[in-house]
Amino acid sequence: MRIHLLAVGAKMPDWVVTATETYAARMPAHCQLVIKEIHAVKRTKKSERRKIMEAEGQKILAAIPDGAVVIALDVQGKSWSSEQLSRQLDDWMLGARDVALLVGGPDGLSPACLQRADMKWSLSELTFPHPLVRVVIAEQLFRAWSMLTNHPYHRAD
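Rules behind the numbers
- Residues numbered from 1 in each chain as written.
- Predicted model: local features only at pLDDT ≥ 70, side-chain atom pairs only at ≥ 80, totals over all residues.
- Heavy atoms only, no water.
- Pairing = 2+ DSSP bridges.
- Helix = DSSP H or I, 4+ residues; strand = E, 2+ residues; numbered from the N terminus.
- Right-handed = clockwise from strand over helix to strand, strands pointing away.
- Contact = heavy atoms within 4.5 Å.

Here we come to the pairing of strand β3 (residues 69-79). Summarising the sheet, β3 and strand β4 (residues 99-103) pair through four bridges and their orientation is parallel. Looking across to β4, one finds that Val-70 is bridged to Ala-100. Where the polypeptide runs from β3 across helix α3 (residues 82-95) and back to β4, its parallel neighbour, the crossover connection is right-handed. Strand direction decides the pairing type here: β3 and strand β5 (residues 119-122), joined by five bridges, are parallel. Bridge pairing in β5 places Leu-73 opposite Trp-121.

Laid out in structure tokens, this is it:
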């Protein structure tokens, strides 16, 4: 099973690349984290937000692997604790299907992406910069895996 983090935006700062690659490398081969950057649509003062979201949404939808469970990162989604994410990760691994996590650009995910999603996940009611979202997701997935395997990384209680 692979977890595909499909995120709008390219040429991330070095700290983002280093952090996401560090956590991705810690994941086991049977639960690999794959980061796929989706190039953002160029914005101008006259750009229509709706058209930009649709164009980026088409790129995201085209990058979803066949048969994958699709989770849209959306403020309207369900918030999970680390323990809940760990149980969710366990379910994904037992299902043996790839997972696609969709992260939109500055304008968010298109209605088509939200409609395609099997579920919606909210990291927080706060708004985070998109580069930071990648790091938080990668870290939380590693934490979830460490909880499942009793790895010492997660120290609860």
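This part takes up the environment of Lys-59. Position of Lys-59 relative to the elements: it lies in helix α2 (residues 49-63). Between the alpha carbons of Lys-59 and Ile-71 there is a distance of 16 Å; along the sequence they are 12 residues apart. If we ignore the near neighbours within four places in the chain, the residues touching Lys-59 are Ile-38, His-39, Ala-40 and Val-41.

That is the geometry; function is a separate question.
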